[in-house]
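Overview (structure and organization)
Chain residues, written in single-letter form:
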There are 2 protein chains.
Amino acid sequence: MDELRRRILTEGRNLGGGILKVDSFLNHQLDPELTGAMGRSFRAAFEVVGITEVSKIVTAEVSGIAPALATGMAYGVPVVYARKRRPITMPDTVFSTQAPSHTKGGVIELIVSPEYLTPPDLVLIIDDFLATGRTVDALADLVRASGATLLGIGCVIEKTFEGGRERLKHFGVPVVSLVRITEMDGSNIRLAP
Amino acid sequence: MDELRRRILTEGRNLGGGILKVDSFLNHQLDPELTGAMGRSFRAAFEVVGITEVSKIVTAEVSGIAPALATGMAYGVPVVYARKRRPITMPDTVFSTQAPSHTKGGVIELIVSPEYLTPPDLVLIIDDFLATGRTVDALADLVRASGATLLGIGCVIEKTFEGGRERLKHFGVPVVSLVRITEMDGSNIRLAP
């Protein structure tokens, strides 16, 4: 993902408090070519760690949808995005969990309908950021609650200094990130090689 | 979009009150192949009405993102999704408007950063549903407020009996829908030919 590294270094802005602004290609505006490449890169990275058979991609609205859809395209499998508010189209009984929000403050609820996440599913979780890992931790709990098998976790950008990878260790699955940020100090954003 | 018609007729459920549940492929779970086909169909339909040069796709979070991204992929142009809550990464001054929500009740705010919508932009608006047209109306107002040129409007599913197309007439641009539902009566969903 050389292009992703380049975009983070040229367009990313450290807003302080651990917040990286990448609205120009990930969180408000999307670059379709770059997004498509993210999906193919996730597939290639998961194949390296031995994950070849996948039946479903799971993410959380809003910013996870684009990289998750691209990953679904790369595998040709459906994508389920957990909702943060229950739409009236959902059945009465759902899988629901809570996670503290890093960028918005407070607690967010994540809701998945049992119609679309079932025990035979072989699941990859895809999200935009891996920071504290709380959102992905909650998503992985939802996947486990459904009886589906969690195979791996993929994040577009990991901030290695916020402990997310350690938080997810107990799931015992590979955690793949396309770019790892090791330091954000003023206007200086440092990437792992 | 024969496949989209088939999916609506076999998987769509009329929940009453004008609400069509298509969570299995559009609003909670996504079918990547079908979503990709939507993007290509929008491009083909806009070319029929003479729209060939497009520089940006605009949609609203959450359910617009997938068909908008697919359309951005079909054109190779960026996609901007209006936010419903202002993230801390946005500048102080933004384009903002309000629209009544059909499925959630109350009023939703739509916010776009002027960083990603500018006067030279040639814009297509893409959304999942065209019902009363209020969300798309608000999006089109945002595009106009930015000084960008609105070329056309595309919606995956139009419910022709809710007046959306009439509401959007004053913009004077082509309105394309991939499937038009003309009647929802009990379990009976009728599509325009």
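In short, a report on the structure. (Residues numbered from 1 in each chain as written. Chains lettered and ligands numbered in written order. Predicted model: local features only at pLDDT ≥ 70, side-chain atom pairs only at ≥ 80, totals over all residues. Heavy atoms only, no water.)

This part is about the nonpolar core. If you look at the biggest cluster of nonpolar residues, it comprises 70 residues, and the most contacted ones within it are I8(A) and I8(B). With sequence-adjacent residues up to four places away left out, I8(B) is seen in contact with L20(B), F25(B), I157(B), V179(B), I181(B), I189(B) and L191(B). (Core = buried A, V, L, I, M, F, W, Y, C linked by side-chain atoms within 4.5 Å. Buried < 20%, exposed > 50% of the residue type's maximum accessible area, 1.4 Å probe, protein only. Contact = heavy atoms within 4.5 Å.)

For the rest of this paragraph, the subject is the packing of helix α3 (residues 32–48) of chain B against helix α4 (residues 65–75) of chain B. Residue and element names in this part refer to chain B. The N-to-C vectors of α3 and α4 enclose an angle of 60 degrees; their axes lie 7 Å apart at closest approach. Comparing the axis directions of α3 and α4 gives the class oblique. Taken as a pair, α3 and α4 cross one another with a handedness that is right-handed. Counting all contacts with α3, which are made through T35, G36, M38, G39, R40, F42, R43 and F46, the residues of α4 involved are A66, P67, A70, T71, A74 and Y75. For the contact of α3 with α4, a count of residues per class yields 8 nonpolar, 4 polar and 2 charged. (Axes fitted to C-alpha atoms, helices over the stretch in contact; angles between N-to-C directions. Helix = DSSP H or I, 4+ residues; strand = E, 2+ residues; numbered from the N terminus. Parallel < 35°, antiparallel > 145°, perpendicular 65-115°, else oblique. Left-handed = near helix turned anticlockwise from the far one by under 90°. Nonpolar A, V, L, I, M, F, W, Y, C, P; charged D, E, K, R; others polar.)

What follows deals with the relation of the copies chain B and chain A. Superposing chain B onto chain A takes a rotation of 180 degrees plus a shift of 0.0 Å along the axis, which leaves an RMSD of 0.0 Å. The operation mapping one copy onto its partner corresponds to a two-fold rotation axis. Distance from the rotation axis, computed per C-alpha, reaches its smallest value in chain B at V62(B): 3.0 Å. The overlap is high: 100% of the interface residues of chain B also sit at the interface in chain A, so the same surface is used on both sides. (Least-squares fit on C-alpha atoms with pLDDT ≥ 70 in both.)

Quick look at the interface of chain B and chain A now. Residue-level contacts link 41 residues of chain B with 41 residues of chain A. Together chain B and chain A conceal approximately 3,600 Å² of surface at their shared face, both sides included; 63% is due to carbon and sulfur atoms. Our enumeration of links across chain B and chain A arrives at 2 salt bridges. Notably, a salt bridge pairs E115(B) with K21(A), separated by 2.8 Å at the nearest N-O pair. Across the contact surface, chain B and chain A share 22 residue pairs in polar contact (both at pLDDT 80 or more). With 5 residues, α4(B) is the largest single contributor of residues to the side of chain B that touches chain A. Residues of the side of chain B that touches chain A, tallied by class, amount to 22 nonpolar, 11 polar and 8 charged. (Buried area = accessible area lost by both parts, 1.4 Å probe. Salt bridge = Lys/Arg side-chain N within 4 Å of Asp/Glu carboxyl O. Polar contact = N/O pair within 3.5 Å; in protein donor to acceptor, adjacent residues only side chain to side chain.)

Our focus in this paragraph is the pattern of salt bridges. Residue and element names in this part refer to chain A. Summed over the entire model, instances satisfying the criterion amount to 22 salt bridges over all chains. Ionic pairing is found between D121 and K56, a salt bridge with its closest N-O pair at 3.8 Å. In this pair, D121 sits in the loop between β7 (107–112) and β8 (122–130) while K56 sits in strand β4 (residues 56–60), placing the two residues 65 residues apart along the sequence. Take D121 and K56: they sit in the same class, and that class is buried. Note that R165 and E158 form a salt bridge whose closest N and O atoms lie 2.7 Å from each other. The exposure class of R165 is partly exposed, given its relative accessible area of 31%. Relative accessible area serves as the criterion here: at 3%, E158 is assigned to the buried category. A network of salt bridges, in which partner residues are shared, links E3, R6, R7, E11 and D31.

Our next topic: the side chain of H28(B). With respect to the helices and strands, the residue H28(B) is situated in the loop between α2 (23–27) and β3 (29–30). Taking relative accessible area as the criterion, H28(B) reaches 1% and is therefore assigned buried. From its side chain, H28(B) meets the backbone oxygen of Y81(A) in a polar contact 2.9 Å long. Leave out the neighbours within four places in its chain, and H28(B) touches V79(A), V80(A), Y81(A), A82(A), R83(A), M90(A), I111(A), V112(A), S113(A), Y116(A) and D23(B).

Residue and element names in this part refer to chain A. Relative to the 18 Å expected for 13 residues at 1.5 Å per residue, helix α5 (residues 134–146) spans 19 Å between its end C-alpha atoms, a close match to the ideal helical length. For α5, the set of buried residues is V136, D137, A138, L139, A140, L142, V143 and S146. Immediately beyond the C-terminal end of α5, within one or two residues, lies G147, with a positive phi of roughly 90 degrees. (Expected span 1.5 Å × (residues − 1).)

Attention shifts here to the sheet that holds β8(A). As summarised here, the arrangement of the 7 strands in space is β11(A)-β10(A)-β9(A)-β8(A)-β4(A)-β5(A)-β3(B), forming an open sheet in which the pairing is mixed. What marks the edges here is a single partner per strand, and that holds for β11 (188–191) of chain A together with β3 of chain B. As defined by bridge partners, β4(A) adjoins strand β5 (residues 79–82) of chain A across 4 bridges and the pair is classed as parallel. Considered in β5(A), the bridge of A60(A) is made with A82(A). (Pairing = 2+ DSSP bridges.)

The next thing to look at is the sheet that holds strand β11 (residues 188–191) of chain B. Read across the open sheet, the 7 strands follow the order β3(A)-β5(B)-β4(B)-β8(B)-β9(B)-β10(B)-β11(B); overall the sheet is mixed. A strand with exactly one partner marks an edge of an open sheet, and here the two such strands are β3 (29–30) of chain A together with β11 of chain B. Taken together, the 6 bridges between strand β9 (residues 149–159) of chain B and strand β10 (residues 175–185) of chain B define a ladder with parallel strand orientation. Bridge assignment links I157(B) to a residue of β10(B), and that residue is V179(B). Its contacts with the sheet put α3(B) on β8 (122–130), β9 and β10 of chain B, and the angle it makes with β9(B) is roughly 125 degrees. Relative to the sheet, α4(B) contacts β3 of chain A together with β4 (56–60), β5 (79–82), β8 and β9 of chain B, its axis offset from that of β4(B) by approximately 175 degrees.

The next thing to look at is the environment of G106(B). All names here are of chain B. Along the polypeptide, G106 turns up in the loop between β6 (95–100) and β7 (107–112). With 79 residues separating them in the primary sequence, G106 and D185 have C-alpha atoms 26 Å apart. Once residues within four sequence positions are removed from consideration, G106 is found in contact with A99, P100 and S101.

This part takes up the pairing of β11(B). Every second residue of β11(B) is oriented toward a common face, the buried set being I189(B) and L191(B) and the non-buried set N188(B) and R190(B). Hairpin remark: β10(B) followed by β11(B), antiparallel, with 2 residues in the connecting loop; positive phi at G186(B), about 60 degrees.

Spatial relationships are all this shows, so hold off on functional conclusions.
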